[in-house]
Amino acid sequence: MKLSEPKTLPQLFPFLEVSAQRSLLGNPSSVHLAGRNAKFYLDQAREAVAGLLGVADPEEILFTSSATESINTALKGFYFRARAQGKAVVMISSAVEHEATLETLKFLQSLGGVEVNLLPVSEQGELSLDTLSEVLKKVPDGSACLVSLMAANNETGVVFPWKEAAIIAQEAGAVFHLDGSQAPGKLPDFSLAGARVDLASFSAHKIGGPTGIGCLVVRKGVILESFLHGGAQERKRRAGTIHVMGALSFAAAALEMPKRNLQKIRELRDQMEFQIFQRILGVHFNGQKAAARLVNTSNFVFDDLRGEGLLMALDLDGFALSSGSACSSGSIQPSHVLLAMGHDAMASQSALRVSIGPSTTEEEILCFVDCLESHVRRIRERTSKLAKS
Ligand code: PLP
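Just so you know, these numbers come straight off a predicted model, no measurement behind them. (Residues numbered from 1 in each chain as written. Predicted model: local features only at pLDDT ≥ 70, side-chain atom pairs only at ≥ 80, totals over all residues. Heavy atoms only, no water.)

**Q** Tell me what's going on with the nonpolar core, and back it up with residues and numbers.
**A** In terms of nonpolar packing, the biggest core is built from 67 residues, with Leu53, Phe63, Ile92, Val147 and Leu192 touching the most fellow members. Listed in part, the 28 residues of the second largest apolar core include Ile276, Val295, Ile332 and Val376. (Core = buried A, V, L, I, M, F, W, Y, C linked by side-chain atoms within 4.5 Å. Buried < 20%, exposed > 50% of the residue type's maximum accessible area, 1.4 Å probe, protein only.)

**Q** Tell me about the sheet that holds strand β9 (residues 297–302), and name the residues and values.
**A** Here four strands make up an open sheet; going across it, the order is β8-β9-β13-β10 and the pairing antiparallel. With partners counted over all chains shown, the strands left at the sheet margins are β8 (283–285) and β10 (322–323), one partner each. Examined bridge by bridge, β8 and β9 share three bridges and lie antiparallel to one another. Paired with His284 across the strands is Val301, a residue of β9. Sitting on the sheet, helix α10 (residues 262–279) touches β8, β9 and β13 (352–355), and the angle it makes with β9 is about 10°. Set on the sheet, helix α14 (residues 362–388) makes contact with β9 and β13; between it and β9 the angle comes to about 15°. (Pairing = 2+ DSSP bridges. Helix = DSSP H or I, 4+ residues; strand = E, 2+ residues; numbered from the N terminus. Contact = heavy atoms within 4.5 Å. Axes fitted to C-alpha atoms, helices over the stretch in contact; angles between N-to-C directions.)

**Q** Tell me what's going on with empty space enclosed by the protein, and back it up with residues and numbers.
**A** In total, this model carries one cavity of 30 Å³ or more according to the counting rule given. Here the largest cavity is characterised by a volume of approximately 30 Å³. In this structure, the largest cavity is lined by Leu52, Leu53, Pro184, Phe202, Ser203, Ile207 and Phe250. Listing elements by their share of the lining of the largest cavity, those giving two or more residues are α3 (33–53) and β6 (199–203). Across the lining of the largest cavity, the residue classes tally to six nonpolar, one polar and no charged. (1 Å grid on protein atoms, 1.4 Å probe; cavity = no way out; pocket = protein on both sides within 12 Å on 5 of 7 lines; lining within 4 Å. Points joined across faces, edges and corners; volume = space filled by probe spheres on them. Nonpolar A, V, L, I, M, F, W, Y, C, P; charged D, E, K, R; others polar.)

**Q** Report on the site of the ligand, specifying residues and quantitative values.
**A** Around the ligand sit 13 residues, and of these Thr68, Asp179, Gln182, Ser203 and His205 come closest. In the model, an oxygen atom of the ligand is placed 2.6 Å from a nitrogen or oxygen of the Ser203 side chain. Here an oxygen atom of the ligand and a side-chain polar atom of Lys206 are 3.0 Å apart. Protein coverage of the free-state accessible area of the ligand, which is 390 Å², stands at 88%. (Near = heavy atom within 4 Å. Polar contact = N/O pair within 3.5 Å; in protein donor to acceptor, adjacent residues only side chain to side chain. Areas by Shrake-Rupley, 256 points an atom, 1.4 Å probe, with all protein chains shown as cover.)

**Q** Tell me what's going on with the packing of helix α11 (residues 307–316) against α14, and back it up with residues and numbers.
**A** The interhelical angle for the contact between α11 and α14, taken along N-to-C directions, is 135°, at an axis separation of 10 Å. Put simply, α11 runs oblique to α14. Considering the relative orientation of α11 and α14, their crossing is right-handed. Here Gly309, Leu310, Ala313 and Leu314 of α11 come into contact with α14, specifically with Phe368, Cys371, Leu372, His375, Val376, Arg378 and Ile379. Residue composition of the contact of α11 with α14, by class: eight nonpolar, two polar and one charged. (Parallel < 35°, antiparallel > 145°, perpendicular 65-115°, else oblique. Left-handed = near helix turned anticlockwise from the far one by under 90°.)

**Q** Quick rundown of the sheet that holds strand β7 (residues 214–218)? Include the residues and the values.
**A** Backbone hydrogen bonds are what pair the strands of a sheet, in a parallel or an antiparallel way. The sheet built from seven strands is open, its strands ordered β1-β7-β6-β5-β4-β2-β3 with mixed pairing. The strands lining the two open edges of the sheet, one partner per strand, are β1 (61–64) and β3 (114–119). Neighbouring strand axes in the sheet, compared pairwise and without regard to direction, differ in orientation by 20° on average. For strand β4 (residues 144–150) and strand β5 (residues 175–179), the ladder comprises five bridges, and the chain directions are parallel.

Given below as structure tokens:
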């Protein structure tokens, strides 16, 4: 099927600006005029999001509340359907997936009937396709197998060979789920067109849209047990009245995507890393030597410094960075991604993550490096004074 012409942002904007517009307050499942209007705009949103992702049939887009919900729907939906058919389940994923995947896998393990295999990564955070093939060879005949991998890592930006992994998985008879959350707008030429991906999860807030809306791509012929029960919305695949404004906002962000200058973002990131390397001693970049990285992400650690202090100092300067993985109590835990790449607990807790946005300027990058350099110097001087006293 031919993709329809992308609608331009101005065409959708009036609907976003007048959120109180009666037509959008309708329930898209209702048959009255307000419902039909809402359905009309929802269909437009579905087309725009499908266009962004390279999905030819917009009916394959299922709106959800987040990538987390999409991942839960894919993994649990696959598991419950296979179990209902009396099959043993094998799930293959990687050690560096987002918690949305890892915690869902843990939950399914607690229910039983599933063998979970987490593939290791190299020191650079890369995935070996040979290891995937080896693990797939060991899947017992008659079991239902799902391979779930991320397109790119949210902490290091390291890109997985997801298209090749999807082919290997499908040829071994497995269903392939892609956590594509980090890819659109950060991975040049990202598209599901022609890829052998059965299921794929995305989130609007990762592409400059609002929080609270995401989608799951469900290819024709892939049947999942419903995760939410209730109404027959989303062709009986997700019960609950659809978030029309969220879907439209997701679409508006999707339509902005082609305007992003990924080359410029990559140049700024590389310039930042070069400056840091030149000006501050004892810095190590994580995943920098991987075959492919997202254009906007940088992850680094200083030999003798904890990330937490730097994070707080930079926050006061107006820079929002991340370090390790923030647990529910707000304290910083070692990053499971860096641990899987072979770093020790201290380094895994201390690494800083920087993401460059589409509006980041060269001046901001230079200002950031100045601030970082002066905080590192100050903290190191204080630490050495304390050690001497
Ligand atoms: N997967 C990856 C790779 C992510 O980076 C994120 C969010 O950070 C998620 C899943 C979860 O996305 P959401 O915040 O939409 O639940």
